[in-house]
Amino acid sequence: MSRVVLVTGCTTGGIGYALAQEFAHQGCIVYATSRRAETIADFENPKIHKLALDVTSDENIQSVIHEILTKEGKLDVVVNNAGMICPGPLIDSSMDDVRKTFETNTFAILRVAKVVIPEMAKRQQGVIVNIGSIVGQVATPWNGIYCASKAAVDSISQVLSMECKPLGIKVFHVAPGAVKSNIADTGANNFSLAPNSLYTPFLANIMDRIYSSQGPHSMPAEDFAKQVVTKALQKNPPIYLTVVMGILWRRYSKRL
């Protein structure tokens, strides 16, 4: 039987969109979600279904997962991919932006886990894929809130992996390093440096940091998706996977 997959954060041009396509290509029934379904372009593959899902809403998560379970009778793989950056100096970040970033990147994983783990435990099987980031281990300036939120995701994945093992559920943490997506454009469009910021002389550096993952050596989202999906569908997925282009990994590894 085809495995049933839920992917969050599937806005067109992003990692989630590519993951949804690849899961379907490998024979899965896929539910591609985004906060607003209209931000997801139509898929050619009929195995992919679009749904609206706000990962910061307990009620919406419960409703969407109930809908999938009602239609399919099971949920085999959940990919927590929805995310956002919070560019700028730490002390310039508003607490509202900090909360929004953690709600989307970190707390959403717990919200989803609370709903899907009891359902997967009934069948003693399932895979939870958490998309973290290499900056969860190697922090960088000018995007510290994002780094902190992804560091928390790393810890959550480790603990979930231990706590889900006796339930027959696998937890697979993925830490990409530089993958083509629209996250930088979205972050830049929502960023402005405070007029009285101590870091005004570093504005150019901050903008460079926002787009640092979208350079000429960045990995195409489709290549990233093939690696992640292939691993996720294995009988025993790895607990941790870092996906970074060679030239970028050499730079990051010097700081590990």
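Worth saying up front: this structure is predicted, and the values here are computed from it rather than measured.

(A) Here's a closer look at the pattern of salt bridges. Summed over all chains, the structure comprises nine salt bridges. Of the charged contacts, one joins Lys74 and Asp76 as a salt bridge, the two residues approaching to 3.2 Å between their closest N and O atoms. Both residues of the pair, Lys74 and Asp76, belong to the buried class. Salt-bridge contacts for Lys122 lead to Glu119; the nearest nitrogen and oxygen are separated by 3.3 Å. A residue pair is termed a helical-turn pair when its members lie 3 or 4 positions apart in one helix, as Lys122 and Glu119 do in helix α3 (residues 95-123) at three residues. For Lys122, a relative accessible area of 63% translates into the label exposed. Residues joined in a network through salt bridges with shared partners are Asp58, Glu103 and Arg111.

(B) Examining the environment of Asp76 more closely. Here Asp76 is to be found in the loop between α2 (58-72) and β4 (77-80). Classification of Asp76 by relative accessible area gives buried; the value is 5%. In sequence terms Asp76 and Arg3 are 73 residues apart; their C-alpha atoms lie 5.7 Å from each other. If near-sequence neighbours (up to four positions away) are discounted, Asp76 is found in contact with Ser2, Arg3, Val4, Met120, Arg123, Gln125, Gly126 and Val127. Engagement of the side chain of Asp76 in a polar contact is seen with the backbone nitrogen of Val4, the distance being 2.8 Å.

(C) Inspection of the nonpolar core at higher detail. With 34 residues, the main nonpolar core has Leu19, Phe23, Val30, Val79, Val129 and Phe224 as its most contacted residues. Elements with a minimum of two residues in this core: β1 (4-7), α1 (15-25), β2 (29-34), β4, β5 (127-131), β6 (170-176), α7 (221-232) and β7 (240-243). Here the element with the most residues in this core is α1; it accounts for seven residues. Setting aside anything within four residues of it in sequence, one finds Phe23 in contact with Val5, Val7, Cys28, Val30, Val77, Val79, Val229, Ala232 and Leu233. Ranked by size, the runner-up nonpolar core spans 30 residues in total, among them Ile68, Ala82, Ile109 and Ala113.

(D) Expanded view of the sheet that holds β2. Reading across the sheet, the seven strands line up as β3-β2-β1-β4-β5-β6-β7 and stay open at both edges, with parallel pairing between neighbours. Only two strands of the sheet have a single partner each, and these edge strands are β3 (48-52) and β7. Each strand of the sheet is rotated relative to its neighbour by a mean of 20°, with strand direction disregarded. Across the sheet, α3 lies against β4 and β5, angled at about 175° from β4, the strand it touches most. Strands β5, β6 and β7 of the sheet are contacted by helix α4 (residues 144-164), whose axis makes an angle of about 160° with β6.

(E) Structural view of the state of the cysteines. Applying the stated criterion across every chain yields a total of zero disulfides. Left without a disulfide partner, Cys86 is nearest to the cysteine sulfur of Cys147, which lies 11 Å away. The class for Cys86 is buried, based on a relative accessible area of 6%.

(F) Local environment of α2. With 15 residues, α2 ought to run about 21 Å at 1.5 Å a step, and its terminal C-alpha atoms sit 21 Å apart, in line with that. Within α2 the residues assigned to the buried category are Ile61, Val64, Ile65, Ile68 and Leu69. Within α2, the buried residues cover an arc of 135° as seen down the axis, which keeps them to one side. Those residues of α2 that are exposed and angled more than 90 degrees off the buried face are Glu59, His66, Thr70 and Lys71. Downstream of α2 by a residue or two, Gly73 has a phi angle that is positive, lying close to 80°.

Rules used throughout
Residues numbered from 1 in each chain as written. Predicted model: local features only at pLDDT ≥ 70, side-chain atom pairs only at ≥ 80, totals over all residues. Heavy atoms only, no water. Salt bridge = Lys/Arg side-chain N within 4 Å of Asp/Glu carboxyl O. Buried < 20%, exposed > 50% of the residue type's maximum accessible area, 1.4 Å probe, protein only. Helix = DSSP H or I, 4+ residues; strand = E, 2+ residues; numbered from the N terminus. Contact = heavy atoms within 4.5 Å. Polar contact = N/O pair within 3.5 Å; in protein donor to acceptor, adjacent residues only side chain to side chain. Core = buried A, V, L, I, M, F, W, Y, C linked by side-chain atoms within 4.5 Å. Pairing = 2+ DSSP bridges. Axes fitted to C-alpha atoms, helices over the stretch in contact; angles between N-to-C directions. Disulfide = S-S within 2.5 Å. Expected span 1.5 Å × (residues − 1). Arc of directions from axis to C-beta.

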